[in-house]
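Okay, here's what each chain looks like letter by letter:
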Amino acid sequence: MKKIILFLLFIVSIQHVTAQTIRGTVLDANHQALPYVTVRLLQTDSTFVQGAYTDSLGIYSMDMKREGNYLLSLSCIGYKTHLLQVQAQTTKTFPTVILEADNVVLNEVTVEASSFVRQADKLLVYPDKKQVKHSSSGYDLLYRLMIPELDVDRMDGKVSTLGGEATLYIDGRKVDSKEVKNLNPKDIDKVEYYDVPSGKYMNDVAAVNFITKKYKTGGYVSVNAEQRIGYLNGDYNVVAKLSHDNTSYTLFAGHAVQKYDGTKDKTSEHFVFSDHETDRQSGTLENRVKNNSQYTQFNVANESTKRTLIGKLSLVRNDAPDNFSRNLLKYDDTGQVIENFKRTDQSGWKTDMELYGYFHLNKNQFLETSLGANYTNNSYTYGYKEPNYSTLTDSKEDLYDFSVNVNYGIEFNPQSSLTAQAFHFQTISSVDYKGTNPSWQHFWNGESILFLEYNQKIGKKVTLKVGPGVSYVQYRLHGGDREDQLTPRLRSRLIYSFAKNQQLQLRYHVGNSQLQINELNEVEQQIDSLQIRRGNLNQKIAFLYKIIASYSGQFGRFNLGAELWYDGINHVPSEGFYIENDKLIRSYQSEGKRRMLSSQLSGGWKVTDNFRVKCVGNWLYIKHKDTPETLRHFSGMVQADYYLNDFSAGVFSRTKNKSLNYNLMYITEPAQYGCYIGWSHSGWQLEGGWKNPFSKHGQKESSMNRGVYSFHNVATGKLYQQSGHVKVTYTFDFGRKTSRANNEINTNMNSTILKLD
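None of these values were measured; they are calculated from a predicted model.

**Some thoughts on the overall build of the protein**
The secondary structure content of the protein amounts to five helices and 45 strands. Put simply, the protein has 757 residues, and 52% of those count as buried. Here the protein has roughly 34,300 Å² of accessible surface; of this, 57% comes from carbon and sulfur atoms.

**Topic: the packing of aromatic side chains**
For any pair of aromatic rings, geometry is given as the distance between the ring centres together with the angle between the planes. Inspection of every chain in the model, using the stated rule, returns 19 aromatic pairs. For the ring pair Phe423 and Phe425, a centre distance of 6.1 Å and an interplane angle of 15° mean the geometry is stacked. A relative accessible area of 14% means that Phe423 is categorised as buried. Consider the rings of Tyr709 and Phe711, whose centres lie 6.2 Å apart with planes at 15°: the pair is stacked. Taken individually, Tyr709 and Phe711 each receive the classification buried, so the pair is uniform in this respect. Between Arg154 and the ring centre of Tyr676, over which it is positioned, the NZ or CZ distance is 4.8 Å. Residue placement shows Arg173 over the ring face of Tyr356; its charged tip is 5.8 Å from the ring centre.

**Re a nonpolar patch on the surface**
A cluster of nonpolar residues, Val221, Val223, Val238, Leu242, Trp684, Leu686, Tyr730, Phe732 and Phe734, forms a patch on the protein surface that exposes about 740 Å² of accessible area. Going through the elements one at a time, β17 (218–229), β18 (232–244), β42 (684–691) and β45 (723–734) are the ones with two or more residues in the nonpolar patch. By residue number, the principal contributor to the nonpolar patch is β45, which donates three residues. Along the chain, Val221 turns up in strand β17. Judged by relative accessible area, Val221 falls into the partly exposed class, the value being 33%.

**Things to note about the environment of Phe423**
Looking at the element boundaries, Phe423 is found in strand β26 (residues 416–435). Put simply, Phe423 and Ser370 are 53 residues apart on the chain and 9.7 Å apart in space, counted from C-alpha to C-alpha. The residues contacting Phe423, other than those within four sequence positions of it, are Val404, Asn405, Glu447, Ser448 and Ile449.

**Re the nonpolar core**
Judged by nonpolar contacts, the single largest core of 26 residues is most densely connected at Leu72, Leu74 and Leu99. Mapped onto this core, the elements with two or more residues apiece are β1 (21–27), β2 (38–42), β4 (59–63), β5 (69–76) and β6 (79–87). For this core, the element with the highest residue contribution is β5, accounting for four residues. Among the nonpolar cores identified, the runner-up in size contains 25 residues, and Phe116, Leu145, Val159 and Val175 belong to it.

**Some points on the confidence of the model for the protein**
Averaged over every residue, the pLDDT of the protein is 85; residues scoring 70 or more account for 90%. Between the elements of the protein, mean pLDDT differs from a low of 37, seen in helix α2 (residues 103–107), to a high of 96, seen in strand β36 (residues 611–624). Ignoring residues within four places in sequence, the model shows residues 3–19, a span with pLDDT below 50, making seven contacts including any to other chains. Considering only residues more than four positions removed or in separate chains, one finds that residues 103–114, a stretch of pLDDT under 50, has 22 contacts.

**Quick look at the sheet that holds strand β10 (residues 151–153)**
The three strands are arranged β10-β11-β12 in an open sheet whose pairing can be described as antiparallel. On the outer flanks of this sheet lie β10 and β12 (164–165), each paired with one strand and no other. Where strand β11 (residues 158–161) and β12 come together, two bridges link them in antiparallel fashion. In the strand pairing of β12, Ser160 is matched with Glu165. Along the sheet, helix α4 (residues 138–145) contacts β10 and β11; its crossing angle with β10, the most-contacted strand, is approximately 145°.

**Some thoughts on the side chain of Glu687**
Relative to the assigned elements, Glu687 resides in strand β42. Glu687 gets classed as buried once you look at its relative accessible area, which sits at 8%. There is a polar contact of 2.9 Å between the side chain of Glu687 and the side chain of Arg154. A polar contact of 2.9 Å, which involves the side chain of Glu687, links it to the side chain of His725. Discounting chain neighbours no more than four positions away, the residues touching Glu687 are Asp140, Arg144, Arg154, Tyr676, Ile677, Gly678, His725, Val726 and Lys727.

**Some words on the side chain of Gln639**
Along the polypeptide, Gln639 turns up in strand β37 (residues 630–644). Taking the relative accessible area as the measure of exposure, Gln639 reaches 2% and is therefore buried. Here the side chain of Gln639 touches Tyr143 through a polar contact of 3.1 Å, landing on its backbone oxygen. Not counting residues up to four positions away in its chain, the partners in contact with Gln639 are Tyr143, Arg144, Met146, Arg612, Val613, Lys614, Val651 and Phe652.

**A look at the environment of Asp322**
Within the secondary structure, Asp322 sits in strand β22 (residues 307–331). For Asp322 and Tyr382, which are 60 residues apart along the polypeptide, the C-alpha to C-alpha distance reads 10.0 Å. Those residues in contact with Asp322, other than ones at most four positions away along the chain, are Arg288, Lys290, Arg343, Thr344 and Asp345. A distance of 2.4 Å separates polar atoms of two side chains, one belonging to Asp322 and the other to Arg288. Within the structure, the side chain of Asp322 is placed 3.2 Å from the side chain of Arg343, a separation counted as a polar contact.

Rules and cut-offs
- Residues numbered from 1 in each chain as written.
- Predicted model: local features only at pLDDT ≥ 70, side-chain atom pairs only at ≥ 80, totals over all residues.
- Heavy atoms only, no water.
- Helix = DSSP H or I, 4+ residues; strand = E, 2+ residues; numbered from the N terminus.
- Buried < 20%, exposed > 50% of the residue type's maximum accessible area, 1.4 Å probe, protein only.
- Areas by Shrake-Rupley, 256 points an atom, 1.4 Å probe, with all protein chains shown as cover.
- Phe/Tyr/Trp six-rings, centres within 6.5 Å; stacked < 30°, edge-to-face > 60°.
- Lys NZ or Arg CZ within 6 Å of the ring centre and 35° of its normal.
- Patch = residues over 30% accessible without salt bridge, like charges linked within 9 Å, V, L, I, M, F, W, Y side chains within 5 Å.
- Salt bridge = Lys/Arg side-chain N within 4 Å of Asp/Glu carboxyl O.
- Contact = heavy atoms within 4.5 Å.
- Core = buried A, V, L, I, M, F, W, Y, C linked by side-chain atoms within 4.5 Å.
- pLDDT = per-residue confidence, 0-100.
- Pairing = 2+ DSSP bridges.
- Axes fitted to C-alpha atoms, helices over the stretch in contact; angles between N-to-C directions.
- Polar contact = N/O pair within 3.5 Å; in protein donor to acceptor, adjacent residues only side chain to side chain.

Set out below in structure tokens:
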């Protein structure tokens, strides 16, 4: 019996030794966690034993199979490799290692090694010296990185993928387009592109996270201006920042203005009323677009190795006064020719407060929280006149938005982890409509979302991610019943990394869309003498599902991406048309079913250190069930950049684009092409560019047939014809260099007003 007990104790002790887990932490010179550091355990003769990567907290762990003396090698692009002698006997936690920045590697990634590093759920992209030098914003740099799957519009501030628009982050915090435009490329350490979003990004179609460098002392003042040529469209900003120890203070201010002749429209409409049909032709005689906006913001941030705390307070004002169009109308059934006049005035101001916290709970757990609240005051006026008809609506709104987000993550071991996310968004609005159809509405809307994602590595090449969730939507209009709906959600992913820097992915998503709160009402407003706009409170929440297969490969200087998407939507939110009392009612509905199949093949090639090329081809098929509406379309784009010392130049070309939207409207946008030339020296960044230089008659075409109403429109305007731009940026640093602040201000204003233009 004693022999048996001793034997069992011996077996248990062996298993205990075999299962011993060693851990350690890797930081940079500023004591910030370094993720994705390659950790290799070597024998004393440098023979490889096993390896791992640090997680988002800079922590690595390995299960030791044998005790003894080893060498620990830690390496990361942009940092010097560090060797450490360790004993895996009684030591379970190795000393914290601080990696020293390798300036040569950071600034000269243009050597033969690829700057694209494939991780399980993302691409890690290191900008090289030329890309940084010739970029003046976060969008500029992202454009020049030429990530194959990303379509970057650096002038209008949009980043999209085959599946939809990408969500943008800076140091893990969700930001908007204004923030990325004011991000200084010199302070971007690397860019994470989450083509398979997981963890805190699991609810995004795709995510781009800019990781910035951290400094503790000094400050800077930066002024930048962007102006279009051919019409007034300018964006002007100033930023001042002061840092001391772990705390930084930042003040932002900005002004944007637009004023130009709007599109010239030629429109044919056909109305089928109960006892007759009417055709109406219209052409624009005069059209003006005018708006301006201002903002200011004050940020305070405090960071340490254990936590990050940020507080932001901002004020935004938008004003679009006296926008109007004058058109010539012809009614074919009566032969009557008249003029009409439409005018809109919109304005609003918003005050916004946000608190953010990120906490390292321990070596393998984190907690991230954010709380936001804002108040918006909106006004909207719409007036329409014909010789014998006129209508006017004048609306005022008070709107309150609240949001809270909590993310918790835990790593059980290097092969498995769990992330939990909880969101809640709340909107409360009161709108007073005056004019032809006076009314008042009080509306509240809330959505709560809970997600769990479990990540399990299966061997060395396969990763399985399963993310079940649930969405609970509630809304109520004053005087009506409360509506609510519980919808299941699911995000599952299977990732197969069959070779170095090559990966196959298979994804399946199930979820719901968000309600359009400006359509959820019972308000009625007259558009013109034949049409009435009416809200619809009885809309259904759209049910979505996606199946995605994709491939990503990095081959030295060449990067390749391929994707195939199948999207299904039930209860498609769309505009509905019907006749009532010899008027066309334009309301909203959610009865349709939409299916879409799309594919993309994209590649980026660093031909030489100075010359880079990107090519993308897309094929699209859309079908709206129970309707004859179908679209098949192929499109493509080419981008080429060249760098020479302080100068850069580039060209781009994009084919004609066709789409079929939720309203069963076919839209054809003209082809685009253009070029730019830039100069960068010391603190100055100058760039001039031209779009469609030889196109004087670019047009956008739209058409739709909904039975009781059909129309065809051709729009000609500045947005589709030749135009240019000039960008100027100057930055002055004082004291020690400090990290460029990110403009954390969201200048978009939410609204529940039913609009007619």
